[in-house]
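This is what each chain is made of:
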Amino acid sequence: MLKTVAARLTLWFAVLFALISLAVFVLAYLTLSLNLNKRMDEGLEDETSEFEDLYRSNGIEMLKPVLQHEGESEGVESVFYSFLSPSLEILASSDMSSWTGISVDPDTLKRLQRGGIVYRTVSVPGREYPVRMAYKMVFDGNIIHIGSTLENDASLKNIYREIFGIAFMVMLFSGALMGWLVSRKAMTAVERVTRTASSIDKGNITQRVPLGREGKEIHDLAVAFNGMLERIQSLVEELNEVTDNIAHDMRSPITRIRGIVETTLSHDPGIHDYREMATMVLEESYRLTEMINTMLDIAQTDSGAARLSAEEVDLAELAHDACELFQAVAENKGIDLVEDISRERLLVKGDRSRLQRVLANLIDNALKHTNPPGKIVIKAIRADGSIRISVTDTGTGIEEHDLPHIFERFYRGDKSRSTPGSGLGLALVQSIVRAHKGDTEVLSSPGKGSTFTFFIPGIS
Ligand code: ADP
């Protein structure tokens, strides 16, 4: 339960509210105490001055009844007024019956000598509340000593503390409530995303999180989540398509193998028939193995599982070698294979054997789709920091409707159905080039020819 964000937020809010109200209370309590003390001291000071003036002008005889009267009117339980000689003998006082044992301690006496009023808060034995005392030494060395109980102040502070106790509980509760409400509001949207995520199984990958108005963060989360679903969906669809294609394209060679065997066995075969059957089955098996290997290569290169080496490769040299390799085949077919390769080194960081396969596939395709007397030009240049290699032929060209699909796995143009191939060559080219952080381009006009270009970031 405590692991949920809602519970944590609730707790946080409650603690925060409690701390804030505690700080406010302490501050208000201190201010209240200071003010009460100040008020009390001012009252005591006024009375001391009043009695001093009276004593100065009218003497002790006038002071006696005044002190008694003041004591009675204020309440002899709560205050006392006494007038002491320098040897602390009581010269005049209010009714002191409730204030037995009151004396002036030596330390206060010493401070009194320095002049001014001395204040002290003292706990008197037998009294519940402390007493605020004021002492003043008058002109002739006698001492005015006044004491007043702090009962009123203490009960005021008690009331304040009680009120705070209630306010604290209210704040704690409302803090928790607010935390809970805020987190509920925020979490409903998150829960919606979670609900959609958990409801997604094999069947409903098309489902999306509805975009609400819960604020930018949640909106961004929903958008990111939907984007991820989009990618997963297209991946699943691609996977389904590839599986369908694989099933379809594997079936053809296997059907052919079965056909060859069935035809051979349908009549009384001689050793020659068996030999022919074996040769054809072998050929089909080679083709099947080749197809499976290419498929695995593409899958591994695409997923990054294939470890591409990152050696320094000179594409000018690689293109030249590829031309030399295909020269004999081109000549046999009556096609002119021309090199237009930069004299400088065209260095890239990459996997030599895989880049050789790219070149071989493109030249092989050009040869396959060009009829004599045709021409194939291999061009290799550096342009804007990239190395661009293009293979241009004067062959059949590609129909406009085929053009967007030729790099897809197993896609074969209408015109190519009669030529041997698996439809995997260009898919492999593209996945290798992209694994080298490059890309491919194709320009073609039916009946005139095509140019396949790939470019890879170069190094100097
Ligand atoms: P495959 O050659 O095995 O059919 P590819 O992936 O190499 O498979 O090529 C896919 C399709 O692209 C081919 O079937 C063909 O229609 C078209 N194609 C590729 N290269 C050329 C080219 N140089 N000229 C014309 N068409 C081409």
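Residues numbered from 1 in each chain as written. Predicted model: local features only at pLDDT ≥ 70, side-chain atom pairs only at ≥ 80, totals over all residues. Heavy atoms only, no water.

Draft legend 1. Representation of the domain arrangement of the chain in the model. By domain assignment, the chain separates into domain 1 (5–95 + 102–155), domain 2 (216–303) and domain 3 (311–457). On a C-alpha basis, the centroid separation for the pair domain 2 and domain 3 is 24 Å. Counting residues at the interface gives twelve residues for domain 2, matched by eleven residues for domain 3. Both faces considered, domain 2 and domain 3 share a buried interface measuring about 1200 Å² in area, 61% of it formed by carbon and sulfur atoms. The largest contributions to the domain 2 side of the interface with domain 3 come from Asp 297, Ile 298 and Thr 301, which together make up 40% of the buried area. For the pair domain 2 and domain 3, the number of links is two salt bridges. Two residues, Arg 357 and Asp 297, come together in a salt bridge whose shortest N-O distance is 2.3 Å. Contributions of two or more residues to the side of domain 2 that touches domain 3 are made by α5 (216–266) and α6 (271–303). For the side of domain 2 that touches domain 3, the element with the highest residue contribution is α6, accounting for seven residues. Among the residues making up the side of domain 2 that touches domain 3, the classes are represented as five nonpolar, three polar and four charged. (Domains from an automatic or database assignment. Contact = heavy atoms within 4.5 Å. Buried area = accessible area lost by both parts, 1.4 Å probe. Salt bridge = Lys/Arg side-chain N within 4 Å of Asp/Glu carboxyl O. Helix = DSSP H or I, 4+ residues; strand = E, 2+ residues; numbered from the N terminus. Nonpolar A, V, L, I, M, F, W, Y, C, P; charged D, E, K, R; others polar.)

Draft legend 2. Quick peek at the packing of helix α4 (residues 151–199) against α5. Between α4 and α5, the least distance of the axes is 10 Å, while the angle of their chain directions is 10°. One way to sum up the angle between α4 and α5 is to call them roughly parallel. Contact residues: Ala 186, Ala 189, Val 190, Val 193 and Ala 197 in α4; Ile 218, Leu 221 and Phe 225 in α5. Grouping the amino acids of the contact of α4 with α5 by side-chain chemistry returns eight nonpolar, no polar and no charged. (Axes fitted to C-alpha atoms, helices over the stretch in contact; angles between N-to-C directions. Parallel < 35°, antiparallel > 145°, perpendicular 65-115°, else oblique.)

Draft legend 3. Layout of the packing of α6 against helix α9 (residues 425–435). With their axes 9 Å apart at the nearest point, α6 and α9 run at an angle of 25° to one another. Judged by the angle between their axes, α6 and α9 are roughly parallel. Crossing of α6 over α9 shows left-handed handedness. Mapping the contact onto sequence places Thr 294, Asp 297, Ile 298, Thr 301 and Asp 302 in α6 and Ala 427, Leu 428, Ser 431, Ile 432 and Ala 435 in α9. (Left-handed = near helix turned anticlockwise from the far one by under 90°.)

Draft legend 4. Molecular detail of the sheet that holds strand β2 (residues 90–93). Ordered in space as β2-β1-β5-β4-β3, the five strands form an open sheet in which the pairing is antiparallel. With partners counted over all chains shown, the strands left at the sheet margins are β2 and β3 (117–122), one partner each. Neighbour-to-neighbour, the strand axes of the sheet open up by a mean angle of 20°, direction not taken into account. When β3 meets strand β4 (residues 131–137), the two strands line up antiparallel, connected through six bridges. Within the sheet, the bridge partner assigned to Thr 121 lies in β4 and is Arg 132. Across the sheet, helix α1 (residues 5–58) lies against β1 (79–84), β3, β4 and β5 (143–149), angled at about 145° from β5, the strand it touches most. On the sheet, helix α2 (residues 60–74) packs against β1 and β2 and is oriented at approximately 165° with respect to β1. (Pairing = 2+ DSSP bridges.)

Draft legend 5. Looking closely at the nonpolar core. With 47 residues, the main nonpolar core has Leu 315, Leu 362, Ile 363, Ile 376, Ile 378, Phe 452 and Phe 454 as its most contacted residues. Elements that contribute at least two residues to this core include exactly α6, α7 (315–333), β7 (335–341), α8 (352–368), β9 (374–383), β10 (386–393), α9 and β12 (449–457). Sort the elements by how many residues they give to this core and α7 lands first, with eight residues. Both domains that furnish three or more residues to this core are identified here as domain 2 (216–303) and domain 3 (311–457). Ignoring sequence-local partners within four residues, the contact set of Ile 376 consists of Ile 335, Asp 336, Leu 337, Val 338, Ala 366, Leu 367, Thr 370, Val 391, Thr 392 and Asp 393. (Core = buried A, V, L, I, M, F, W, Y, C linked by side-chain atoms within 4.5 Å. Buried < 20%, exposed > 50% of the residue type's maximum accessible area, 1.4 Å probe, protein only.)

Draft legend 6. The arrangement of the pattern of salt bridges in detail. One pass over the structure, following the stated rule, counts 20 salt bridges. The partner of Asp 220 in a salt bridge is Lys 216, with the nearest N and O atoms 2.7 Å apart. Residue Asp 220 and its partner Lys 216 are both found in helix α5; the two are separated by four residues, about one turn of the helix. For Lys 216, a relative accessible area of 58% puts it in the exposed group. Glu 344 serves as the salt-bridge partner of Arg 382, at 3.5 Å between the closest nitrogen and oxygen. Of this pair, Arg 382 sits in strand β9 while Glu 344 sits in the loop between β7 and β8 (347–350), and the two are 38 residues apart along the sequence.

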